[in-house]
Each structure stands twice: as structure tokens, then as C-alpha cells.
Amino acid sequence: MSDSRSTGIPLKVRNLRKSYDGRVVLQSMDLDIAAGEIFVLMGPSGSGKSVFLRHLIGLEAPDAGEILVGGERVGPDIDQTRHRLAMVFQSGGLLNSLTVEENVGLYLREHRLKAPEEISRIVLEKLALVRLGPSDAAKYPSELSGGMRKRVAIARALVIEPQLILYDEPTSELDPLVSLTIGREILNLNRRIGATSVVVTHHVDLAMGIADRIAFLSEGSIVALGTPEQIRSSPVPLVHQFLNAEFKEA
Amino acid sequence: MFRNIGEMVLLFVATVKALPWACRERRKIAEQLFDIGNASLFMACVLSLFIGGVLSLQSGPVLVENGIGSALGNLVAIAMCKELAPVMMSILVAGRVGSAMAAELGSMSVYQEIDALRTLAINPIRFLVLPRVIAISIAVPCLVVFSNLVGWLGGAFVAAHNDRIAVPAETFFTSLREGVDPGDVVNGLIKSFFFALCVGVICCHQGLTTQGGPRGIGRSVTKAVVNSLVLILILDYILTRLLLPFDNGFFA
Ligand SMILES: Nc1ncnc2c1ncn2[C@@H]1O[C@H](COP(=O)(O)OP(=O)(O)OP(=O)(O)O)[C@@H](O)[C@H]1O
Ligand SMILES: [Mg+2]
């Protein structure tokens, strides 16, 4: 944590496969994500996006294939002290028995990286980034709205100053204005410390706005991959439908 | 079943390996101890009073008819400290505290809190399991000491006030003092320590392996309590057998 200047780390996925009880969820994914890239993953609900992210951070063991983070193989016992990795869970994943402040400061406190006063200062600073004030810091997660919980989860990930950060639908449950700030913060973090970011989102505008590259996942394989411009003109029907989905009464 | 046992052994080993962290987790251990005491002290008191009482009530008349009513104190005290207090207190703690542990860790697994800990490079065993297992292993032997005292009082009270027994409290406690070694009490404490360790590991294991939403939490809690009870009783026999050679004065 001493050198907050360090840069992002590259990510390699080779022939990743995973099935649950015989049902294939990921089928031979191959992917290279460059250091410092913002990579957006889109796709229908249930296509395996969350499962893929869980593999990247070592919460799930693949049936076949491998994942290399900064050249090191990701496994259940990946050395998270060597590389700083963070994940924002789809459901937040806050510890319900701790206050917001304790949740956000957990990483620094448990690893004894900073003095207690310093930790409180950092916590308030990160909470301010996601538009939460000191009055929210003393609350418990159960006293917050879904969107506020999501923002606390993002603040908790930012505290790590990660080199690789995975966001699982960071802007679901958030109103458009806060979504904008979150999008801006993803960009900021990326600019400031060059963090490699993998963002799963259903929010097309956000994706187009922040992504260096976008991949479309369908039934466990990548069906389209490219820059936002390339994706916009993609011939794949699913992508076209996704980008042009608009509510019309039948 | 066998996989479960294997996993529990691994969890136990991992917990032992995390022991050097115990000092850093002392605040959490203290919190757990407070919770355990809060949840079980009153129940332990009521339970022990009645167990002591019923022991007197069942064996008193028989002893008195055979003219050895004066040995009642000895009998009640030994039954209480070597067998009933350790077993009943462990069962009480499994039901009151172990179930809550399984439910709490279970909901943490289901709602991805454990995964979140892992992504923060915090070992869930050190953070969650260690304080709970240590606290429960300290708390149960303490409860047993308390239960012994209350149980003896209950036994003496019934012995003195039941017409068919009518052994005065003085006789009761004289026989108790002469018949009970400190070794008998230690014997019970050793047993209760191992029961508590088992309850802690079983309940934490069930909690951590919970899958499948709120229904899964309910299933985990039931399994944690039932497995704890079964194991307490099996272990009770084994430990009693192992401790048998040390009876009659080894500790005294
Ligand atoms: N632990 C598990 N056991 C069994 N099946 C699982 C497990 N985790 C995920 N799945 C299955 O994998 C598939 C992909 O799930 P995943 O959560 O990755 O979807 P997703 O793309 O993130 O969808 P959403 O956009 O709704 O979040 C689903 O069909 C789900 O049923
Ligand atoms: Mg998902």
C-alpha cells in the first residue's frame, strides 16, 4: 500500500471451462486483457458473467484451463498480498455485523496497514467519492438502501487501491446521476493508478462511455469482442438487439 | 458423511494453525464469550437446579430404604460433576449458541460475505471460526463449574425437603465433601472442553458450507445441532472410557 503509484496488471484467460452438475456455464473462454485496460463484459442474464468474475479472483476453481493475473496462476490460494485485487459483488457482499465505516476500513485494519486515525480519514474520503457522508458511516448495512449498499461496496474496493478491480454490475440499483459518478470513478481509478478494470454491466451508455473494449458473452462463450465502435457495428444479432432494446407496446 | 468428517478435521487443523492469531482476535473472543454467557447462563441455572433435584428424588428413597441415605450427597455430586453437567451444558450450548453460529455463518456464506472476506485477503477461519471455537471452549467448562454448584444445591434442597428422603443438608454436604475429589470435577471439565470443541467446529463447518439460500440456512442449523448432539454422546462414552484409568485419585 506504500506505493500507490504502481500500475495495473494484465490478465490472461486460457481455455477456461466450468460446468455445474453437468450443465456447462463457461465453455473454453480465451481472453487477454492488457494492463490498465477497462474491459466491459455484457450479455444476457444467466450467461455466466458473474461466474467468470468469480474465477478471475480465485473464488471458483475452473474445471479446465487457467487464468494468469500478472503472469501468476490464479487459484484458491492466490497470494493476494503480492497483487492487490478487489471485487465489487453484485449483491454488495457487505458484512452485516459491521458498520459502514468498519466495512470500508476492514482491509486496512485487518492487515494493519495504517494507523487508526489515518484509516478513518481514508474511509471518509472514499465514502465521499461515492457520495456518502459521515452520517452514513455509523450505520449498519441493513439500514441502507440497495443502492447505498452498492456504493459502500465500491468504496470498500477503492480502499485497496487495487491493481485489478472487478465490478459485478456496479450501477444496477443506482439512479442515473449516481451511475454517472460511479462511471467517472471507474475511469478516475483507472487514470490515477492505472488499475485494470473488468466491468460487468447491463448499462449500455455506461459501457460505451468507459470501455476500451467490450465483450459479449452468451451461453458461456464470447460472441463479440471489440472497441465500442466495433461493437456498435457488430453483425451479431444478439449484440444488435442488446444495443437497440427499446420498450414498445406490442 | 465421511467427506463431512474429513472437512471438519481439516477445519479443526486450520483453526489450530490460526491459533497464533488468537491474541489479535481477543476483542472478538470476548464479544463471543459475552454472547454465550448471555444466551445460556439463566438456562444453565434452571436446568442444573432441576437435574440436581431429580437426581436426589430418584435415588434418595432407594438409598434411604437401604439405610444408606447418608451417601446421597456423594452420589448426586459424582453424577452431576462427572456426567450430567458436562453433557447437559454441552447440549444446552449446542442448542442455544451452536445453532446461532451455524445460522450466522450460514447467512454469511449465502449472502457472499465470506467471498467478500476472501477478496479482501482476510482468512475467514481466522476472522470468524477461531474466535467462536475459542470462546465456546472456554465458556462450556466455566458453565460446567457453575452447573455443578447449582446442581448440588438443587440436590440438597430436594433431599432435605422431600418427606421420603429427609436427608438434612448438613449430612448431604458432609458426604459430598468426603466422596468427591477435585479429580472428579476435573474429569468432567476435560470432557466438557472436548465436547465444546466439537460443537464449535461442527457448527462453524455447517455454517461455512451452507448453500442454497435461506432454506439452506435452516437445513444447516438443524444439521449442526443434530450432529453436535450425536457426537457429544458418542464422544462421552469414548472419553469416559479413556479417563477411567485416571479415576480414584490420579488428579487428587
Ligand atoms: N454455484 C453454482 N451452482 C450451480 N449453478 C450455478 C452456480 N453459480 C452459477 N450457476 C449457474 O451459472 C449460470 C450463470 O450464472 P451467472 O451468475 O454467472 O449469470 P450472470 O451472467 O451473472 O447473470 P446476471 O446478469 O443475472 O447476473 C446460471 O445459469 C446459474 O444457474
Ligand atoms: Mg451476475
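Engineer: Can you explain the overall build of chain A? Please cite residues and give values.
Structural biologist: Each helix and strand in chain A was counted, giving nine helices and 10 strands. In terms of overall size, chain A behaves like a compact globule, its C-alpha atoms giving a radius of gyration of 18 Å where 250 residues would be expected to give roughly 18 Å. Counting only C-alpha atoms, chain A reaches 55 × 45 × 35 Å along its principal axes. The buried share of chain A, taken over its 250 residues, is 54%. The contacts of chain A with a sequence gap of at least 6 include a subset with a gap of at least 24, amounting to 66%. Computing the positive centroid from 28 side-chain charges and the negative centroid from 31, chain A places the two 2 Å apart.

Engineer: I'd like a description of the pairing of strand β1 (residues 11-20) of chain A, backed by residues and values.
Structural biologist: All names here are of chain A. Both β1 and strand β2 (residues 23-33) contribute to a ladder of seven bridges, which runs antiparallel. For Leu16, the partnering residue across the bridge sits in β2 and is Met29. Following β1, the chain reverses through two residues before pairing antiparallel with β2; Asp21 in that reversal takes a positive phi of roughly 50°.

Engineer: Could you give me a rundown of the interface of chain B and chain A, with the residues and numbers involved?
Structural biologist: Listed as interface residues are 17 residues of chain B and, on the opposing side, 20 residues of chain A. Each partner contributes to the roughly 1700 Å² buried at the junction of chain B and chain A, and carbon and sulfur atoms together form 57% of this total. The largest contributions to the chain B side of the interface with chain A come from Arg24, Thr119 and Leu120 of chain B, which together make up 36% of the buried area. Counting every contact that joins chain B to chain A gives two salt bridges. Where the side of chain B that touches chain A is concerned, the elements lending two or more residues are α4 (113-119) and α5 (124-161) of chain B. A total of six residues in the side of chain B that touches chain A trace back to one element, the largest contributor, which is α4 of chain B. Class assignment of the residues belonging to the side of chain B that touches chain A gives a composition of eight nonpolar, two polar and seven charged.

Engineer: I'd like a rundown of the pattern of salt bridges, residues and numbers included.
Structural biologist: Residue and element names in this part refer to chain A. For the structure shown, the criterion picks out 24 salt bridges over all chains. A salt bridge links Lys12 to Asp32, with the nearest nitrogen and oxygen atoms 3.6 Å apart. One end of the pair, Lys12, is in strand β1; the other, Asp32, is in strand β2, and 20 residues separate them in sequence. For Asp32, a relative accessible area of 36% translates into the label partly exposed.

Engineer: So what's going on with the packing of helix α5 (residues 146-159) of chain A against helix α6 (residues 176-193) of chain A? Residues and values would help.
Structural biologist: Residues and elements named next belong to chain A. Following both chains from N to C, one finds α5 and α6 inclined at 10°, their axes separated by 12 Å at the closest point. Relative to α6, the element α5 lies roughly parallel. Two secondary-structure elements touch here, α5 through Arg151, Ile154 and Leu158 and α6 through Val178, Ile182, Glu185 and Leu189. Taken together, the residues of the contact of α5 with α6 sort by class into five nonpolar, no polar and two charged.

Engineer: Describe in detail helix α3 (residues 116-129) of chain A, supporting the description with residues and values.
Structural biologist: Residue and element names in this part refer to chain A. In this model, α3 (14 residues) spans 20 Å end to end at C-alpha, consistent with the 20 Å of a helix rising 1.5 Å per residue. Among the residues of α3, those classed as buried are Ile119, Ile122, Val123, Lys126 and Leu127. Around the axis of α3, the buried residues are gathered within 135° of arc, so they sit on the same side. Buried-residue contacts for α3 involve α2 (100-110), α4 (134-137), α5 and α6.

Engineer: Requested: an account of the site of ligand 1, with residues and values cited.
Structural biologist: All names here are of chain A. The environment of ligand 1 is formed by 14 residues, the closest being Arg23, Ser45, Gly46, Lys49 and Ser50. Contacts to ligand 1 include Ser47, whose backbone N or O atom sits 3.2 Å from an oxygen atom. Surface burial for ligand 1 is 64%, taken as the share of its 630 Å² of free accessible area covered by protein chains. Of all the elements in the fold, those that place two or more residues in the shell around ligand 1 are β2 and α1 (49-56). With three residues, α1 is the largest single contributor of residues to the shell around ligand 1.

Engineer: Got a sec to walk through the domain arrangement of chain A? Specific residues and values, please.
Structural biologist: Many structure descriptions define interface size as the accessible area lost when the parts assemble. Residue and element names in this part refer to chain A. When the domains of chain A are assigned, the result is domain 1 (1-84 + 163-250) and domain 2 (94-159). Centre-to-centre, using C-alpha coordinates, domain 1 lies 24 Å away from domain 2. At the interface, 15 residues of domain 1 touch 16 residues of domain 2. The junction of domain 1 with domain 2 conceals about 1200 Å² of combined surface from both sides, 68% of it contributed by carbon and sulfur atoms. Where domain 1 packs against domain 2, one counts zero salt bridges. The interface formed by domain 1 and domain 2 contains two residue pairs in polar contact (both at pLDDT 80 or more). Every element with two or more residues in the side of domain 1 that touches domain 2 is listed here: β7 (164-168) and α6. The biggest single contributor to the side of domain 1 that touches domain 2 is α6, with six residues. Its residues assigned to classes, the side of domain 1 that touches domain 2 shows seven nonpolar, two polar and six charged.

Rules of the game
Residues numbered from 1 in each chain as written. Chains lettered and ligands numbered in written order. Predicted model: local features only at pLDDT ≥ 70, side-chain atom pairs only at ≥ 80, totals over all residues. Heavy atoms only, no water. Helix = DSSP H or I, 4+ residues; strand = E, 2+ residues; numbered from the N terminus. Rg over C-alpha atoms; globule rule 2.2 N^0.38 Å. Buried < 20%, exposed > 50% of the residue type's maximum accessible area, 1.4 Å probe, protein only. Contact = heavy atoms within 4.5 Å. Lys, Arg positive; Asp, Glu negative; His and termini not counted. Charge placed at Lys NZ, Arg CZ, Asp CG, Glu CD. Pairing = 2+ DSSP bridges. Buried area = accessible area lost by both parts, 1.4 Å probe. Salt bridge = Lys/Arg side-chain N within 4 Å of Asp/Glu carboxyl O. Nonpolar A, V, L, I, M, F, W, Y, C, P; charged D, E, K, R; others polar. Axes fitted to C-alpha atoms, helices over the stretch in contact; angles between N-to-C directions. Parallel < 35°, antiparallel > 145°, perpendicular 65-115°, else oblique. Expected span 1.5 Å × (residues − 1). Arc of directions from axis to C-beta. Near = heavy atom within 4 Å. Polar contact = N/O pair within 3.5 Å; in protein donor to acceptor, adjacent residues only side chain to side chain. Areas by Shrake-Rupley, 256 points an atom, 1.4 Å probe, with all protein chains shown as cover. Domains from an automatic or database assignment.

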